[in-house]
Amino acid sequence: MHNMKKVLVLLTLIATCMTACNSRQQKNTNMEKSNETQVLLETTLGNITVKLYNETPKHRDNFIKLAKEGVYDSTLFHRVIKNFMIQAGDPESKHASDTAMLGNGDVGYTIPAEFNTKFFHKKGVLAAARTGDEVNPERASSGCQFYIVTGRKFSEAQMINMENQMNEARLENVFNILARQHMKEIYKMRKAGDNEGLLELQDSLEAQAREIVSKEPALKFTPEQIKAYTTVGGAPHLDGAYTIFGEVTDGMDVVEKIEGAKTNRADRPVTDIRILKATVLEN
């Protein structure tokens, strides 16, 4: 009986400790969430507030830095595509003429990608724009340009089909990267009319591409992603290719107003929509 009492006391102490530990962990998680920095974007169509994820510190710190330095003040939403996204942050847009082609402006540096599987392109997320894979295989982010996803809703059947297409596209992308590394060789073969050599090289590169892709798990949407994309909506085809570093916490109606703006052939709003001021909100 004495030993039984000892066991009961020990179990009680363990349970108390576990409860306290869980409470501390929950408290720490809540504190981390409450410590997420928010930035207010005052635009000509209303205010948008975004929170920045602590899990993407390089992008978070850079966005805070640029906002405090006034880099975003007076910039335009220069690329707006309905059922997809709104893009801003090009410094060259501050004083751009009505006919200027925008989207190539930068701040002289890029940010290393910070991919996190817990974040995906559901409606309302904030993500970094970047140049294409052909010139940017590391998928580094623009130092300043960003977009907010509006997207659209998908059916489960569409999600499965997109999953297959994305895996095929990944294989094709790896093949194209390998092919570019052999461009001189390909050019010589074409010039010499060596079709047999070209086919052999193609088969070799395709085999290499399949081997590289096979080392990584196939892209597959999680139940959480499928639920979000079939109810809230978003842009699932961008998942895993662009760094998501925040989300809209207030002003999604303003985002939708911007999304609905009339645009020209370059997807630039016909009437300028400007970020008047970006302000970091202190916790």
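Our structure is the block above this text.
Report follows, based on the coordinates. (Residues numbered from 1 in each chain as written. Predicted model: local features only at pLDDT ≥ 70, side-chain atom pairs only at ≥ 80, totals over all residues. Heavy atoms only, no water.)

Ordered in space as E3-E4-E8-E6-E9-E2-E1-E10, the eight strands form an open sheet in which the pairing is antiparallel. Of all the strands in the sheet, the pair left with one neighbour each is strand E3 (77-81) and strand E10 (275-281). The mean inter-strand angle of the sheet, taken between neighbouring strand axes irrespective of direction, is 25 degrees. Both strand E4 (residues 85-88) and strand E8 (residues 146-149) contribute to a ladder of four bridges, which runs antiparallel. Residue pairing in the sheet places alanine 88 in a bridge with phenylalanine 146 of E8. Across the sheet, helix H7 (residues 252-259) lies against strand E1 (38-43), strand E2 (46-52), E3, E4, E8 and strand E9 (244-250), angled at about 115 degrees from E2, the strand it touches most. (Pairing = 2+ DSSP bridges. Helix = DSSP H or I, 4+ residues; strand = E, 2+ residues; numbered from the N terminus. Axes fitted to C-alpha atoms, helices over the stretch in contact; angles between N-to-C directions. Contact = heavy atoms within 4.5 Å.)

Where like charges cluster on the molecular surface, the negative patch consists of Asp194, Glu196, Glu200 and Asp203. In this structure, glutamate 200 sits in helix H5 (residues 195-214). For glutamate 200, a relative accessible area of 51% puts it in the exposed group. (Patch = residues over 30% accessible without salt bridge, like charges linked within 9 Å, V, L, I, M, F, W, Y side chains within 5 Å. Areas by Shrake-Rupley, 256 points an atom, 1.4 Å probe, with all protein chains shown as cover. Salt bridge = Lys/Arg side-chain N within 4 Å of Asp/Glu carboxyl O. Lys, Arg positive; Asp, Glu negative; His and termini not counted. Charge placed at Lys NZ, Arg CZ, Asp CG, Glu CD. Buried < 20%, exposed > 50% of the residue type's maximum accessible area, 1.4 Å probe, protein only.)

Further remarks concern the packing of aromatic side chains. Note on aromatic pairs: each is described by the distance of the centres and the angle between the planes. Taken as a whole and judged by the stated rule, the model has eight aromatic pairs. Arranged with centres 5.1 Å apart and planes meeting at 40 degrees, the rings of phenylalanine 63 and tyrosine 72 form a pair that is tilted. Measuring from centroid to centroid gives 5.4 Å for phenylalanine 63 and phenylalanine 146, while their planes differ by 80 degrees, and the two rings are edge-to-face. Highlighted residues: phenylalanine 63 in helix H2 (residues 57-69) and phenylalanine 146 in strand E8, separated in sequence by 83 residues. For phenylalanine 146, a relative accessible area of 1% gives the class buried. Each member of the aromatic cluster is reached from another via a ring pair, and the members are Phe63, Tyr72, Phe146 and Phe245. Of note, arginine 130 hangs over the ring of tyrosine 242, and the distance from its end group to the ring centre comes to 4.4 Å. (Phe/Tyr/Trp six-rings, centres within 6.5 Å; stacked < 30°, edge-to-face > 60°. Lys NZ or Arg CZ within 6 Å of the ring centre and 35° of its normal.)

A separate point is the pattern of salt bridges. Counted according to the given criterion, the structure contains 13 salt bridges. Two residues, aspartate 133 and arginine 139, come together in a salt bridge whose shortest N-O distance is 2.8 Å. By relative accessible area, which is 13% here, aspartate 133 ends up buried. The exposure class of arginine 139 is partly exposed, given its relative accessible area of 23%. In this structure, arginine 268 and aspartate 272 form a salt bridge, with 3.3 Å as the shortest nitrogen-oxygen distance. Each member of the salt-bridge network shares a partner with another, and the members are Arg130, Asp133 and Arg139.

The subject of this paragraph is the packing of helix H3 (residues 156-180) against H5. Closest axis-to-axis distance for the H3/H5 pair is 9 Å, and the angle between their directions is 130 degrees. Classed by the angle they form, the pair H3 and H5 counts as oblique. Both H3 and H5 take part in a crossing whose hand is right-handed. Seen from H3, the contacting residues are Arg170, Leu171, Val174, Phe175, Leu178 and Ala179; seen from H5, they are Gln202, Leu205, Glu206, Gln208, Ala209, Arg210, Ile212 and Val213. A breakdown of the residues in the contact of H3 with H5 according to their chemical character gives nine nonpolar, two polar and three charged. (Parallel < 35°, antiparallel > 145°, perpendicular 65-115°, else oblique. Left-handed = near helix turned anticlockwise from the far one by under 90°. Nonpolar A, V, L, I, M, F, W, Y, C, P; charged D, E, K, R; others polar.)

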